[in-house]
Amino acid sequence: MLVEEAAITVLDSVIENNFIYGIKLVNSDSELSGDVFRNPPISTDDASYEVRNPRSLELINSNPSLTNSTFENSYYGIYVSAGDCPDVSEVNFNSNTYDVWPDECAADETPL
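So, here is what we can say about the structure in this document. Since this is a predicted model, take the numbers as computed values, not measurements. In this numbering scheme, every chain counts its residues from 1 along its sequence in written order. Reporting of local features is limited, given that this is a predicted model, to residues whose pLDDT is at least 70; pairs of side-chain atoms are given and counted only at 80 or more, and all residues count toward the totals for whole chains, interfaces and linings. Note that the side-chain values use all heavy atoms of the structure and ignore hydrogens as well as water.

With that out of the way, let us pick up the pairing of strand β4 (residues 21-26). When strand β1 (residues 2-4) meets β4, the two strands line up parallel, connected through three bridges. Residue pairing across strands places L2 opposite K24, the latter belonging to β4. For two strands to count as paired, DSSP must find a minimum of two bridges between them. Here a helix means four or more residues in a row that DSSP labels H or I, a strand means two or more in a row labelled E, and each is numbered from the N terminus. Pairing of β4 with strand β7 (residues 55-60), which is carried by five bridges, proceeds in the parallel orientation. Within β7, the position partnered with I23 by the bridge is L57.

Here is the structure:
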């Protein structure tokens, strides 16, 4: 799902088996609460980088409200392409290759 120049509210939803990204926010201050992002297929083919390394949530100049959400079994749980690091203090991460990318955003993680 691509959300560009708008805000959405996603509550208590399951986003799974996504191709490249589950939700991509571009210039969006959306609300994500109680959601589970899981199991995007990771390709080992000679496909593009994005296909081989999917993102559950991609942020481009976006500052979403993230509460009580879970990211699991993803290559990138949250991928920040541009902009500030999100507040992930109320987010659970389980078995991702990278919980939050880039690394300086992962430093902001505080386990629940």
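Another aspect to go through is the packing of aromatic side chains. What counts as a ring pair is set by centres within 6.5 Å for rings of Phe, Tyr and Trp (its six-membered ring), and what kind of pair is set by the plane angle: stacked under 30 degrees, edge-to-face over 60, tilted for all other angles. Evaluated as defined, the whole model comprises eight aromatic pairs. Measuring from centroid to centroid gives 4.7 Å for Y76 and Y79, while their planes differ by 70°, and the two rings are edge-to-face. Of the residues examined, Y79 reaches a relative accessible area of 14% and is grouped as buried. Ring centres 5.5 Å apart and planes at 20° place the aromatic pair Y76 and Y98 in the stacked group. With Y76 in strand β10 (residues 76-82) and Y98 in strand β12 (residues 98-101), this residue pair connects regions lying 22 residues apart in the sequence. Ring-pair connections join several aromatic residues into one group, and the members of that group are Y75, Y76, Y79, Y98 and W101. Only when the NZ of Lys or the CZ of Arg is both within 6 Å of the ring centre and within 35 degrees of the ring normal is a charge said to sit over the ring. Between the NZ or CZ atom of R55 and the centre of the ring of Y79, over which it lies, the distance is 3.8 Å. Under the scheme applied here, a residue whose accessible area is under 20% of the maximum for its type counts as buried, over 50% as exposed, and between as partly exposed, the area being computed with a 1.4 Å probe on protein chains only.

So, on to the environment of S69. Secondary-structure assignment places S69 in strand β9 (residues 69-72). In this structure S69 comes out as buried when scored by relative accessible area, which is 1%. Measuring from C-alpha to C-alpha, the distance between S69 and S13 comes to 9.3 Å, with 56 residues separating the pair along the chain. Working rule for contacts: check all heavy atoms of both residues, and any pair within 4.5 Å makes them a contact. Excluding anything up to four places from it in sequence, S69 contacts L32, S33, G34, D35, E90, V91 and N92. At 3.3 Å, the side chain of S69 forms a polar contact with the backbone nitrogen of D35. In protein, a polar contact means a hydrogen-donor-capable atom and an acceptor-capable atom, both N or O and within 3.5 Å, with residues adjacent in sequence counting only if both atoms are side-chain atoms; elsewhere, any N or O pair within 3.5 Å suffices.

For the rest of this paragraph, the subject is the environment of D99. On the secondary structure map, D99 appears in strand β12. A relative accessible area of 22% places D99 in the partly exposed class. Sequence separation of D99 and Y79 is 20 residues, and the distance between their C-alpha atoms is 8.4 Å.

This brings us to the nonpolar core. Generally speaking, a soluble globular protein has its nonpolar side chains buried in company with each other. Residue types Ala, Val, Leu, Ile, Met, Phe, Trp, Tyr and Cys, when buried and joined through side-chain atoms within 4.5 Å, form a set referred to as a nonpolar core. The biggest cluster of nonpolar side chains holds 18 residues, and the ones touching the most others in it are I23, L57 and I78. Elements represented by at least two residues in this core include exactly β4, β7, β10 and β11 (91-94). Apart from the residues lying within four places of it in its own chain, the contact partners of I23 are M1, V10, I15, L32, F37, S56, L57 and E58.

Spatial ordering of the open sheet is given by β2-β5-β8, a layout of three strands whose pairing is parallel. Pairing within the sheet leaves two strands with one partner each, and these edge strands are β2 (9-11) and β8 (65-67). Here the average twist between neighbouring strands, direction ignored, is 5°. Between N-to-C directions, angles span 0 to 180 degrees; the directions come from axes that are lines fitted to C-alpha atoms, helices contributing only their stretch in contact.

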